[in-house]
Amino acid sequence: MKGKRAIRLVPAVGVLMVPLLLAGCGLFDSSAQSIDPPPASVEEAMLKAASGESVPTGDRLEAVYLSDQNGLLAPVSLPIAPGDSAANAKTSLEMLVKGGPFSGIIPEGFQGILPQGTEVESVSIDQDSKVAVVEFNSSFLDYPAQDERKILEALTWTLTERPDVQSVQIWVDGRKLNEMPVNGTPTDRLLTRALGINLELGNGVSAMSSSPVTVYFSAASPAGVAYYVPVTRLVQSGPDKLSSALTELIHGPQSKQGLNQVLTGQTKLESVKKTEDGVVSVAITDDMFEHGEIVPAEFLQSIVLTAADNAGGTAKIRIELNGQKTVMGEDNQNYGLPVARPEHINEIPI
């Protein structure tokens, strides 16, 4: 990398309603809480993962959206013990409960966002409509105002991380929840990822004439472990969502909530093309990198995550840098070939 300008890169490890858009963001809660022991099978899986061993046969990693030390939601991949789809979805939601049975095995700097005492009474998934119906006990309704939107984002994005879930409906104590009780956020319609996550309004943009894009920046845990944070930014409406998203990625974080610039100040987006076979080709230039130079994986992975999410999630991404068709990352992966969105991101040790 040419020494023209310093860039902070941390090594990587492993149509909305206005009331929803402008809801506040909660702060990290550091109060001491009583923690129940986690289920033995999950505890074993977590301990093995933390020691560098492979996840036990039959266990799988699933991403759950936890609140980090900066009050932002981020996916964290955690082992889930064997079970059917509904059982695994239920376990994933239980990991979101403050002071719940999984709190002791959540990575440092993270915690659940669902209110303490929340119980996941049931989860059912309709395989045809891909609707997940979740029922909680009444403790789910006991939360501070600043957490309301984050609660909806965390449970929706956690469940829709699964390929068999596209939307979510919430019930509490046997009744469908049509409105959140504190700020009155409507929940009478199915919740989808159109809700956004870590929502922010782009500079100089009007919420009434905007459209959302989701970009991935990086942050670091208290132990210095890097992880990716999705941010839904409202930008000026335009015909090309992919280009808008990548342009916002280049602009970098607006918030000072611990997010890092992942691309350099020299990066320029030259073109974005989607082929008939679903591959998205992203051509960028950045004169901080010399011909054939190994590129930080964080730089490349943030492009892949951002492009894939805004292209529908299943598209493969091909990156061209400074006209080069071969783009090698520090992770020894050639990003000049079609690359899929990682199945698991943010595998953070406990």
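Residues numbered from 1 in each chain as written. Predicted model: local features only at pLDDT ≥ 70, side-chain atom pairs only at ≥ 80, totals over all residues. Heavy atoms only, no water.

1. Here we look at the overall build of the protein chain
- Counting secondary structure elements, the protein chain contains six helices and 13 strands.
- Within the protein chain, the fraction of its 350 residues that count as buried is 51%.
- A total of about 15500 Å² of accessible surface is found on the protein chain, and carbon and sulfur atoms cover 49% of it. (Helix = DSSP H or I, 4+ residues; strand = E, 2+ residues; numbered from the N terminus. Buried < 20%, exposed > 50% of the residue type's maximum accessible area, 1.4 Å probe, protein only. Areas by Shrake-Rupley, 256 points an atom, 1.4 Å probe, with all protein chains shown as cover.)

2. Observations regarding the sheet that holds strand β4 (residues 120-126)
- As summarised here, the arrangement of the four strands in space is β4-β5-β6-β7, forming an open sheet in which the pairing is mixed. Looking at strand neighbours, the two that pair on one side only are β4 and β7 (175-176), the edges of this open sheet.
- Bridge analysis of β4 against strand β5 (residues 131-136) gives six bridges, and the strand direction is antiparallel. Across the sheet, residue isoleucine 125 finds its bridge partner in β5, namely alanine 132.
- Relative to β4, helix α3 (residues 85-94) is tilted by about 135°, and along the sheet it contacts β4 and β5. (Pairing = 2+ DSSP bridges. Contact = heavy atoms within 4.5 Å. Axes fitted to C-alpha atoms, helices over the stretch in contact; angles between N-to-C directions.)

3. Describing helix α4 (residues 148-160)
- Taking 1.5 Å per residue, 13 residues should reach 18 Å; α4 reaches 19 Å between its end C-alpha atoms and fits that length.
- Taking burial as the measure, the 13 residues of α4 include 13 buried ones, the bulk of the element. (Expected span 1.5 Å × (residues − 1).)

4. A short note on the packing of helix α5 (residues 241-251) against helix α6 (residues 297-310)
- Close contact between α5 and α6 brings their axes to 9 Å; oriented N to C, the two are set at 150°. By the angle between their directions, the pair α5 and α6 is classed as roughly antiparallel. Like other packed secondary-structure pairs, α5 and α6 cross with a definite hand, here right-handed. Across the interface between the two elements, Lys241, Leu242, Ala245, Leu246 and Leu249 of α5 pack against Ser302, Ile303, Thr306, Ala307 and Asn310 of α6. (Parallel < 35°, antiparallel > 145°, perpendicular 65-115°, else oblique. Left-handed = near helix turned anticlockwise from the far one by under 90°.)

5. Concerning the packing of aromatic side chains
- Enumeration over the complete set of coordinates arrives at four aromatic pairs.
- Taken together, a centroid distance of 5.9 Å and an interplanar angle of 65° make the contact between tyrosine 65 and tryptophan 157 edge-to-face. In this pair, tyrosine 65 is assigned in strand β1 (residues 60-68) and tryptophan 157 in helix α4, connecting sequence segments 92 residues apart.
- For tyrosine 65, a relative accessible area of 0% corresponds to the buried category.
- For tryptophan 157, a relative accessible area of 2% gives the class buried.
- A ring pair is formed by phenylalanine 110 and tyrosine 227, whose centres lie 5.0 Å apart and whose planes are at 65°; its orientation type is edge-to-face. Of the two residues, phenylalanine 110 is situated in strand β3 (residues 110-111) and tyrosine 227 in strand β10 (residues 226-236); the sequence distance between them amounts to 117 residues.
- Classification of phenylalanine 110 as buried rests on a relative accessible area of 7%. (Phe/Tyr/Trp six-rings, centres within 6.5 Å; stacked < 30°, edge-to-face > 60°.)

6. Focus: the sheet that holds strand β8 (residues 200-201)
- With respect to topology, three strands assemble into an open sheet ordered β8-β10-β9, the strand pairing being mixed. Single-partner strands in this sheet number two, and they are β8 and β9 (210-220).
- Against the sheet, α5 touches β9 and β10, its axis set at about 40° to β9.

7. Some points on the pattern of salt bridges
- All told, the structure shown has 11 salt bridges when counted by the stated rule.
- With a closest N to O distance of 2.8 Å, glutamate 62 and arginine 162 form a salt bridge. Of the two residues, glutamate 62 is situated in strand β1 and arginine 162 in the loop between α4 and β6 (167-172); the sequence distance between them amounts to 100 residues.
- A residue is classified by how much of its surface remains accessible, and arginine 162, at 9% relative accessible area, is buried.
- A cluster of three or more residues bridged by salt bridges with shared partners is formed by Glu161, Arg193, Asp309 and Arg341. (Salt bridge = Lys/Arg side-chain N within 4 Å of Asp/Glu carboxyl O.)

8. As for the side chain of serine 167
- In this fold, serine 167 is placed in strand β6.
- Given a relative accessible area of 7%, serine 167 falls into the buried group.
- With near-sequence residues (within four places) excluded, serine 167 lies in contact with Lys130, Val131, Ala132, Thr160, Leu190, Leu191 and Thr192.

9. Observations regarding the environment of glycine 258
- Looking at the element boundaries, glycine 258 is found in the loop between α5 and β11 (268-274).
- Put simply, glycine 258 and serine 221 are 37 residues apart on the chain and 9.6 Å apart in space, counted from C-alpha to C-alpha.
- With residues near it in sequence (within four places) discarded, glycine 258 still touches Asn70, Ser218 and Ala219.

10. Things to note about the environment of leucine 321
- On the secondary structure map, leucine 321 appears in strand β13 (residues 316-321).
- By relative accessible area, leucine 321 is classed as buried at 4%.
- For leucine 321 and aspartate 286, which are 35 residues apart along the polypeptide, the C-alpha to C-alpha distance reads 7.3 Å.
- Sequence-distant contacts of leucine 321, that is, excluding residues within four places in its chain, are made with Ile284, Thr285, Asp286, Phe289, Val295 and Val327.

Interpretation note: all reported values are geometric properties and have no functional meaning in isolation.
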